[in-house]
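# Fold and contact review
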Amino acid sequence: HHGPVRFDEGYHSESERKHFAYRWLSHDGAEPLKSFYLLNRARNHAEYMAALDHHFGPAQNFVFGAVDGDIAIRVQGKYPVRRKDEGKFILDGSKTSSEWQAFIPFDQNIMIKNPETGYLFSANQYPVDATYPYYIQSGDYYETYRNRRISQVLAASTQITPADMMKLQNDNFNMQASESLPLMLSHLDSVNSLSDEQKVISVLRSWDYFNSIESVAAIYYEEWWNELYASIWDEMKESKVSMSFPSEFNTIKLMKERPDLDFFDSKTTLEKESLAEITRSAFQKAISKVGEWKVKNSEKTIDWATYKDTYIQHLTRIEPLGFHARNGGNSSIVNASSHRWGPSWRMIVSLEKSGVKAWGVYPGGQSGNPGSPFYGNLMNAWEKAEPYRLKFVSERGKLVNAALFTTTLKPASK
C-alpha cells in the first residue's frame, strides 16, 4: 500500500541495502484533466479556485491574472500534514507512526490574492513565512536568488511592459556572486599572488556580477565557488548516513558570521585550515581547472557561453541531434540556463481589456525530425528571449484563416 517497490543496489554497504517503497499521491488517482479543462474556461478568480480543487498532484504553482487587475497564486496539491523534519529522509514503512495521518485542507494550501506589493512571482522559493501553521520541509532545493532578483527588478519599476518582462526572463545578474565574491576576494593576498592569479583577481574585482555571454569573470567565479563549496562540506560528502547539504545561501551566511566554523577545516589534510586558507586553495584549483580547459579548447574563444556550453538535448539523446546554445545565466540566475538544465517554455501575457496579447517560445523547433525546416527554427528566438506573438483570440472562428489543416475525430463504428 506504500506504492511501487524497488531494490537499491547502490545504497552504501551491502548490509544497509533495503527494499524501498515509493508512496506518491499521483498513484491514488486524480483529476488533472478536469482541473485544466475548467481552468481553460475560468472567467474569474472564483472559477480558477474551483478548478484547482480537482488537482491533487503532482503539486504545482498556479499563477492567476485577470484583465480587471486581480492577481493571485496558489500552490496546489494534496499535501500530507507532516511533523517537523518528517519526510526529509527515508522512513521505516513497517511502523504505523510513519504513515500519513492527515492532509492539509485545500482551502488552507499556500495562496495569496492581490498582495500589497502589486506583483507576484514563482521561482521555486521558500513559499511561506513563519505564520503558516503547517510544517514546510526546508532544504537545499528551495531557490534563494532568482526570486529575490525578480522582486528587486519589479519593486524598482513603476510600469512594466511586455518588452521589460522579456528582458527580465533573460536577466543574467548573479546575486549569489554579488553577496559572496567580495568576501572571497578579501581572503586573497594579491601582493603575494602569482602573476596569473593577479590577473584573475583583477578580472573578478572589475566584474559587474552579470553572467553574460561574453563574461570571463563568471567562469572563474563559478569554478571558484564550486571548489570552495565542495571543500567546506567535504565531511558530509563522505558521510555514510543520509544528510542534506546546506544551501549556497546558508553557506555564505556561515562564511560571514562563523569564520571559525569547524567545517572550514579540510578533513583530507593533517593541518587545521582556516576559511581563508581553503578559500585560497579553492581559488588556485579553479585557476588550474580553467587553465586545463584552455589547453583542451585552444581553438575556442574563452567566454561564459562557450565555457558553460548550454546543450539542448534531443529526445533520442543522440548528441549531434541536439543544439549548443550561446546563452548566459546559470542555475541560480533568473535566466536559469546551465549546461543541461534551463527554462524551456518562455511566455509573456499582457492582460489588456482591449484584448489579451501573448508571446511564447521554446528551444529547438516545432518538429523533432532533423530533416524538417522546423527542427531548429526557434533556437535563435529562445537564445535571445525574443518570443513570437501568439494567436490568442476570444472566438474560434477568428482562427479559421490561420489554420493549416483540420483534423476531425469521429467515434469508431461498432
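Residues numbered from 1 in each chain as written. Predicted model: local features only at pLDDT ≥ 70, side-chain atom pairs only at ≥ 80, totals over all residues. Heavy atoms only, no water.

## With respect to the packing of aromatic side chains
This structure, assessed with the given rule, holds 17 aromatic pairs. Ring pairing ties together the aromatic residues Trp207, Tyr209 and Tyr221, which thus form one cluster. The positively charged end of arginine 389 is found above the aromatic ring belonging to tryptophan 359, 5.5 Å away from the centroid. (Phe/Tyr/Trp six-rings, centres within 6.5 Å; stacked < 30°, edge-to-face > 60°. Lys NZ or Arg CZ within 6 Å of the ring centre and 35° of its normal.)

## Thoughts on helix α2 (residues 45-52)
Burial in α2 covers these residues: His45, Tyr48, Ala51 and Leu52. Down the axis of α2, the buried set is contained in an arc of 120°. They therefore lie on one face. Where α2 is buried, its residues meet α1 (32-39), β3 (60-65), β4 (71-76) and β5 (111-113). Capping of α2 at its N-terminal end is provided by asparagine 44; its side-chain oxygen lies 3.2 Å from the backbone amide nitrogen of alanine 46. (Buried < 20%, exposed > 50% of the residue type's maximum accessible area, 1.4 Å probe, protein only. Helix = DSSP H or I, 4+ residues; strand = E, 2+ residues; numbered from the N terminus. Arc of directions from axis to C-beta. Contact = heavy atoms within 4.5 Å. Polar contact = N/O pair within 3.5 Å; in protein donor to acceptor, adjacent residues only side chain to side chain.)

## A short note on the pairing of β4
When a strand is regular, its side chains alternate between the sheet's two faces. Most of β4 sits inside the fold, with five of its six residues counted as buried. Bridging between β3 and β4 involves six bridges; their strand directions are antiparallel. From the neighbouring strand, glycine 65 faces β4, where its bridge partner is isoleucine 71. Joining the antiparallel neighbours β3 and β4 is a turn of five residues, in which glycine 69 adopts a positive phi near 105°. For β4 and β5, the ladder comprises three bridges, and the chain directions are antiparallel. If you follow isoleucine 73 over to β5, its bridge partner there is isoleucine 112. (Pairing = 2+ DSSP bridges.)

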